[in-house]
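Observations on the three-dimensional arrangement
Here is what each chain is made of, one letter per residue.
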Amino acid sequence: MSEDGVFEPTALDRSSKFYVAGHRGLVGSAIWRNLETEGFTNLVGKTSSELDLKDRDAVFAFFAESKPRYVVLAAAKVGGILANNTYPVDFLSDNLRIQVNVLDAAREHGVERLLFLGSSCIYPKFAEQPIREDSLLTGHLEPTNDAYAIAKIAGIMQIQAIRRQYGLPWISAMPTNLYGPGDNFSPTGSHVLPALIRRYDEAAKSGTQVVTNWGTGSPRREFLHVDDMASACLHLLENYDGPSQVNVGTGSDVTIRELASMVASAVGYTGEIAWDTTKPDGTPRKLLDVSKLADAGWSASIGLEEGIRRTVEWFRENSLSVRS
Ligand SMILES: NC(=O)C1=CN([C@@H]2O[C@H](COP(=O)(O)OP(=O)(O)OC[C@H]3O[C@@H](n4cnc5c(N)ncnc54)[C@H](OP(=O)(O)O)[C@@H]3O)[C@@H](O)[C@H]2O)C=CC1
Ligand SMILES: C[C@H]1O[C@H](OP(=O)(O)OP(=O)(O)OC[C@H]2O[C@@H](n3cnc4c(=O)[nH]c(N)nc43)[C@H](O)[C@@H]2O)[C@@H](O)[C@@H](O)C1=O
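The structure presented is a predicted model; accordingly, all values stated were derived computationally and were not measured.

Any two side chains of opposite charge can pair, so long as their charged atoms come close to each other. By the definition in use, this model includes 20 salt bridges. A salt bridge links Arg-56 to Asp-104, with the shortest nitrogen-to-oxygen separation between them at 2.8 Å. Within this pair, whereas Arg-56 is found in helix 2 (residues 56–66), its partner Asp-104 is found in helix 4 (residues 88–108), the two being separated by 48 residues in sequence. For Asp-104, a relative accessible area of 15% corresponds to the buried category. Here the salt bridges share partners, and the residues they tie into one network are Glu-306, Arg-309, Arg-310 and Glu-313.

Okay, structure coming up:
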């Protein structure tokens, strides 16, 4: 374990048991695909109906029986701005319980390497941009997702405390907004990019001439394709060991209006785009400083235009089974 992240790159053993918590989700399924491609042969996943991670006894029983050597915690209660703003208790309580149960049980049962996934919403609403990791806890949070953010900050703190108290080389990553195959496309619970794909696809098919998006369209967001995120997770597990969380992003952002036009052209929607300003904009900008990640030797490779194209294609090929 190191204090400054300088770490002798250490390949993970491809035959050791690797538990991907949340393996069916947007991120977890991408991590699973990537680990399979990278030659991992002993992957373990449990659906939330097989193992509710809010159930502490069930989580400890699972770890006692399964004893994974590696863990990525990609299971969480996740949603877009409206879901977070409407159900703050669920986003706080569910995520605190999932995190505390998994991290406690993993420590108790000797997990060697663990990667915890937080979110870019942990940073202050008006943090200097691009946002460096050391701006954490230097200002007020964005109210639409402050409950979720506090849960994630608690997760970062638990990782840092476990490093200090038990000397375990566990790490945290803070992804920017993610998108791609396996996303949640529900009209109200989803994040913006999948919501626009679904909305425009339905409008293009039905000939609707006006679609309405949320907010003013002026906030800026950074979007990382989830296959890039999965690659970054393995890279960090094999190349980074430090107490600081690591931002994971592309280093560039767009306005929601620009995103709306990119998605409309990828879908082939040519009608009007209106904006419902009764819906929240959220934080004006949250572009991540990704220099720590670059120092660890990784950068994103899937551009937003290409990523949107691939996601529209996936959405159309899987429209009968997508989460919506
Ligand atoms: N999507 C994004 O833009 C971003 C996501 N993140 C983080 O990445 C991680 C994954 O998010 P994402 O993949 O988008 O989320 P999804 O909603 O796509 O997937 C969440 C996963 O968590 C599992 N899960 C939820 N609650 C429980 C529970 N009580 N017990 C067991 N499993 C549970 C679900 O399992 P099942 O399918 O079996 O119900 C699902 O597989 C989260 O930590 C999130 O905070 C961070 C920044 C951005
Ligand atoms: C990853 C991150 O995601 C969440 O933060 P967010 O980035 O604000 O989330 P969002 O993707 O839902 O919105 C981005 C922007 O887009 C606008 N917007 C327009 N039209 C739609 C629309 O139809 N749906 C949604 N969801 N947003 C829309 C919306 O008004 C906002 O200005 C956190 O809660 C938390 O989950 C978190 O950490």
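So that's the structure; there's more coming.
To continue, consider the site of ligand 1. Close to ligand 1 lie 27 residues, the nearest being Val-27, Ser-48, Tyr-148, Lys-152 and Arg-323. One of the backbone N or O atoms of Leu-26 is found 2.9 Å from an oxygen atom in ligand 1. A distance of 3.5 Å is found between an oxygen atom of ligand 1 and a backbone nitrogen or oxygen belonging to Leu-117. Look at ligand 1: alone it shows 900 Å² of surface, and the protein chains cover 88% of it. If you list the elements that add at least two residues to the shell around ligand 1, you get helix 1 (26–37), helix 5 (146–166) and strand 6 (177–179). Looking at side-chain class alone, the shell around ligand 1 contains 13 nonpolar, nine polar and five charged residues.

On to the packing of helix 2 against helix 4. In the contact formed by helix 2 and helix 4, the axes pass within 9 Å of each other and the chain directions differ by 30°. Viewed along their axes, helix 2 and helix 4 form a crossing whose handedness is right-handed. Residues Arg-56, Val-59, Phe-60 and Phe-63 of helix 2 touch helix 4, and the partners they reach there are Val-100, Asn-101, Val-102, Asp-104, Ala-105, Ala-106 and Glu-108. For the contact of helix 2 with helix 4, the class distribution of residues is seven nonpolar, one polar and three charged.

All right, on to the confidence of the model for the protein then. Here the protein shows a mean pLDDT of 96. Residues at 70 or above account for 98%. Here the predicted complex carries an ipTM of 0.98, next to a pTM of 0.97.

Here we take up the environment of Asn-42. Secondary-structure assignment places Asn-42 in the loop between helix 1 and strand 2 (43–44). Judged by its relative accessible area of 27%, Asn-42 is partly exposed. Separated by 202 residues in the primary sequence, Asn-42 and Ser-244 have C-alpha atoms spaced 29 Å apart. Apart from the residues lying within four places of it in its own chain, the contact partners of Asn-42 are Arg-14, Ser-15, Ser-16, Lys-17 and Phe-18. Within the structure, the side chain of Asn-42 is placed 3.3 Å from the backbone oxygen of Ser-15, a separation counted as a polar contact.

Tyr-19, Leu-53, Phe-63, Leu-73, Leu-114 and Trp-170 are the most contacted members of the largest nonpolar core, which has 40 residues in total. The set of elements that each furnish at least two residues to this core consists of strand 1 (18–21), helix 2, strand 3 (70–73), helix 4, strand 4 (113–117) and helix 5. Not counting the four nearest positions on each side in its chain, Tyr-19 is found in contact with Val-44, Lys-46, Leu-51, Leu-53, Phe-62, Phe-63, Pro-68, Tyr-70, Val-71 and Val-72. Ranked by size, the runner-up nonpolar core spans 33 residues in total, among them Leu-12, Leu-224, Cys-233 and Tyr-240.

Cut-off values and rules
- By convention here, each chain's residues receive numbers from 1 onward along its written sequence.
- Whichever chain is written first becomes A and whichever ligand is written first becomes 1, with later ones labelled in order.
- Given that the model is predicted, a residue must reach a pLDDT of at least 70 before its local features are reported, and side-chain atom pairs must reach 80 or more before they are shown or counted; all residues, however, enter totals for whole chains, interfaces and linings.
- As a convention, hydrogens and water are excluded, and side-chain values are obtained from all of the structure's heavy atoms.
- The salt bridge definition used is simple: a Lys or Arg side-chain nitrogen within 4 Å of an Asp or Glu carboxyl oxygen.
- Secondary structure follows DSSP: runs of H or I at least 4 residues long count as helices, runs of E at least 2 residues long count as strands, and numbering of each begins at the N terminus.
- Partly exposed describes any residue whose relative accessible area lies between the buried limit of under 20% and the exposed limit of over 50%, with all areas from a 1.4 Å probe on protein chains only and scaled to the type maximum.
- By convention in this text, a residue qualifies as near a molecule or strand provided that one of its non-hydrogen atoms is within 4 Å of it.
- Polar contact criterion, stated in full: a pair of N or O atoms within 3.5 Å, where within protein one must be able to donate a hydrogen and the other to accept it, and residues adjacent in sequence count only if both atoms are side-chain atoms.
- Surface exposure here means Shrake-Rupley accessible area, sampled with a 1.4 Å probe, where a residue is shielded only by the protein chains that are shown.
- Polar here means any residue other than Ala, Val, Leu, Ile, Met, Phe, Trp, Tyr, Cys and Pro, which are nonpolar, and Asp, Glu, Lys and Arg, which are charged; Gly is therefore polar.
- Every angle, taken between N-to-C directions, lies between 0 and 180 degrees, and every axis is a line fitted to C-alpha atoms, over only the stretch in contact when it is a helix.
- Crossing handedness follows the turn of the near helix against the far one: under a right angle anticlockwise gives a left-handed crossing, and clockwise gives a right-handed one.
- Here a residue-residue contact requires only that any non-hydrogen atoms of the pair lie within 4.5 Å.
- One number per residue, pLDDT, summarises how confident the predictor is, and it ranges from 0 to 100.
- Remark: nonpolar core denotes a set of buried residues (Ala, Val, Leu, Ile, Met, Phe, Trp, Tyr, Cys) joined through side-chain atoms within 4.5 Å.

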